Amino acid sequence: MANVPNEPKGSKPKTTATKSTRTANLAYSKYLKKMYTRAAESAARGNPVAWVMAGAMADEILVAMDIGRVYPENFAGVCAAKKGAQPFLEAAESDGFSNVICGYARTGIGYGRMKRQLGAIPPGTPDGGMPDPAMLVGRTTSCDIGYKWFQAQKRYEDAPLHVIDVVMPPLASNLEEVLPSYIEFQTEELRAFIAFVEKVTGRKMDYDRLNKVVDIAHESIWHYYETHKLRRAIPCPMPTQDHLACFAPGFFMLGEPETLEFYKDLHAEVQQRVDEKVGVIPNEEFRLLWAGGLPPWHNLGIFNYFESLGAVFVAETCYNIWDPYPPGTRGDVVEWIARSSIHHRTEYLTPPRDPRVSAGGLKAGTFLSGRQVSVQWLLDKINDYKVDGLVMHGTMSCRACTIGQLYFKDTLKEYIDLPTLFIESDIIDERNFSETNMKSQIDSFVESLANARKRKQESQAREVGKSGQTSKA
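Residues numbered from 1 in each chain as written. Predicted model: local features only at pLDDT ≥ 70, side-chain atom pairs only at ≥ 80, totals over all residues. Heavy atoms only, no water.

## Quick look at the side chain of glutamate 157
For clarity, the threshold we go by: Helix and strand definitions here come from DSSP, where helices need a minimum of 4 consecutive H or I residues and strands a minimum of 2 consecutive E residues; each element is numbered from the N-terminal end. Only protein chains enter the calculation, and the probe is 1.4 Å; a residue is then buried if its accessible area is under 20% of its type maximum, exposed if over 50%, and partly exposed in between. Residue contacts follow a heavy-atom distance rule, with two residues in contact if any of their heavy atoms lie within 4.5 Å.
Along the polypeptide, glutamate 157 turns up in the loop between α6 (145-153) and β4 (161-164). On the accessibility criterion, glutamate 157 (3% relative accessible area) is buried. Beyond its immediate chain neighbours, meaning those up to four positions away, glutamate 157 contacts Trp51, Gly112, Lys115, Arg116, Asp132 and Pro133.

Laid out in structure tokens, this is it:
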């Protein structure tokens, strides 16, 4: 993927997306922004703040132990959305880090480098930046950078690193056979993490409080999961750009009462929009699935361009909320968190139910958007949400979310004929983005959606005609 040519003079990409729900508009301003303010205040009082990677399964444990948290992946996304990531990307590259390394990681590393050089948070850093960490918490799942990033970050941060091995059985596993050993291993990993936090901070885990935090987290997940199911309605009440705001409290503030309040409000608002048949746009012509890749955080306004042409994103494969784990089987709360984690990471690996898949002799799936998913899971999404077309986003610096896209694009054609748009840019680095080129691709894609619908209607009319002739005969 080469750098794109310069945009024409006067071309100013819209960097933010217009959201449809009132609650989504509050996700950042009322909730997520507070995470950075609170962490800075906590550090100023001398309390420990952890830099944590999303998906490390550390959230409830850190909340229960009153450890402040910031998530450098989210920080990078915020910097990109506010057009503040470029200095950090260039700072990382000047220290020898390649421009094909994860954009999240380069932003965090560049931020750390500049902070170390200045002896303070660089002026103008979005949301006041991240305070010095008392610990770095990495993880092994989703992508290789989750394991390696914080090793590099330690060049600039004087904080101990703990990497949680978040395990996930291979796609071809017999889950009934392997799950007990995976749960046992994951539980011991979480116990080791608790021991690490106790040693670093001198605080002891309160397991009664951890149970309460898990209760809040579970109820929050349930509300968001049910909200997503409401998006099957026609017209769709909530688009992907709202999801890209609303997933954040669940990923970065899980286990906190404010997060539960947020998802209750969102659930109620989206239900009301369904009841009143309020859609994202007045005339919903086409329903789309964001079928692979993370979004271009620096230019989310591109989603609104789809809507201007009558196309709405009704579902996505990135930052999915998971099917809540049954609450009645808790017992040991640490083991329950481990079971919930395994459940989350295996729910997309169920054997294919669609006979077209199971009889096809094809692999059931592979990596997509940083996790293993099955072809059946995508077919379910397409069917349940009545999808007319797919959009996949190949990103230069995120291999984990890009690998598998061409496999799924080609494999799905074996079972269903839907137009697919494959676009390329990056999650953070806007040097790889051209709004002009992308809009041209979108124009052609929407035209193909209209042509596909016309062909389908003509085919159905012919079938009806044949059926009528047979009946008369």
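That covers the picture; the talk isn't over yet.
## Quick notes on the sheet that holds strand β6 (residues 311-316)
Using the following cut-off: The criterion for strand pairing is that DSSP finds at least two bridges linking the strands in question. As a rule, the C-alpha atoms of each element are fitted with a line to give its axis, helices using only the stretch in contact, and angles between N-to-C directions run from 0 to 180 degrees.
Taken in spatial order, the four strands line up as β6-β5-β9-β10 in an open sheet, and their pairing is parallel. A strand with exactly one partner marks an edge of an open sheet, and here the two such strands are β6 and β10 (420-425). Strand-to-strand twist in this sheet, taken as the mean axis angle between neighbours without regard to direction, amounts to 30°.

## Brief notes about the side chain of arginine 231
Formally: Any pair of N or O atoms that falls within 3.5 Å is considered a polar contact. Within protein, one atom must be able to donate a hydrogen and the other to accept it, and sequence-neighbouring residues count only if both atoms are side-chain atoms.
Tracing the backbone shows arginine 231 in the loop between α8 (207-230) and α9 (240-252). Residue classification places arginine 231 among the buried residues on the basis of a relative accessible area of 1%. Of note is the side chain of arginine 231, whose polar atom sits 3.2 Å from the backbone oxygen of valine 314. Contact partners of arginine 231, with chain neighbours within four places excluded, come to Cys236, Pro237, Met238, Pro239, Thr240, His243, Arg287, Phe313, Val314, Ala315, Glu316 and Tyr385.

## A short note on the nonpolar core
Worth spelling out the cut-off: Nonpolar cores were defined as sets of buried Ala, Val, Leu, Ile, Met, Phe, Trp, Tyr and Cys residues, with membership established by side-chain atoms within 4.5 Å.
Grouped together as the largest cluster of nonpolar side chains are 113 residues, with contacts concentrated most on Tyr104 and Trp297. Filtering out sequence-adjacent residues up to four positions away, tyrosine 104 remains in contact with Glu73, Ala76, Trp149, Leu294, Trp297, Tyr319, Ile427 and Ile428. Within the second largest apolar cluster, 21 residues are counted, among which are Ile281, Ala291, Met392 and Phe408.

## A look at the environment of glycine 77
Positionally, glycine 77 belongs in helix α3 (residues 72-81). Residue classification places glycine 77 among the buried positions, given a relative accessible area of 10%. Between the alpha carbons of glycine 77 and glycine 103 there is a distance of 9.1 Å; along the sequence they are 26 residues apart. Ignoring any residue separated from it by four or fewer positions in sequence, one finds glycine 77 in contact with Trp297 and Ile428.

## Side note on the pattern of salt bridges
Our working rule: Salt bridges are defined by distance alone: a side-chain nitrogen of Lys or Arg within 4 Å of a carboxyl oxygen of Asp or Glu.
Inspection of every chain in the model, using the stated rule, returns 29 salt bridges. Between lysine 229 and glutamate 226 there is a salt bridge, with its nearest N and O atoms 3.2 Å apart. Separated by three residues within a single helix, lysine 229 and glutamate 226 lie in helix α8, roughly one turn from each other. Across the pair arginine 232 and aspartate 384 runs a salt bridge whose closest N-O atoms are separated by 3.8 Å. With arginine 232 in the loop between α8 and α9 and aspartate 384 in helix α14 (residues 375-384), this residue pair connects regions lying 152 residues apart in the sequence. Taken together, the shared-partner salt bridges in this structure form one network comprising Arg38, Asp59, Arg69 and Glu256.

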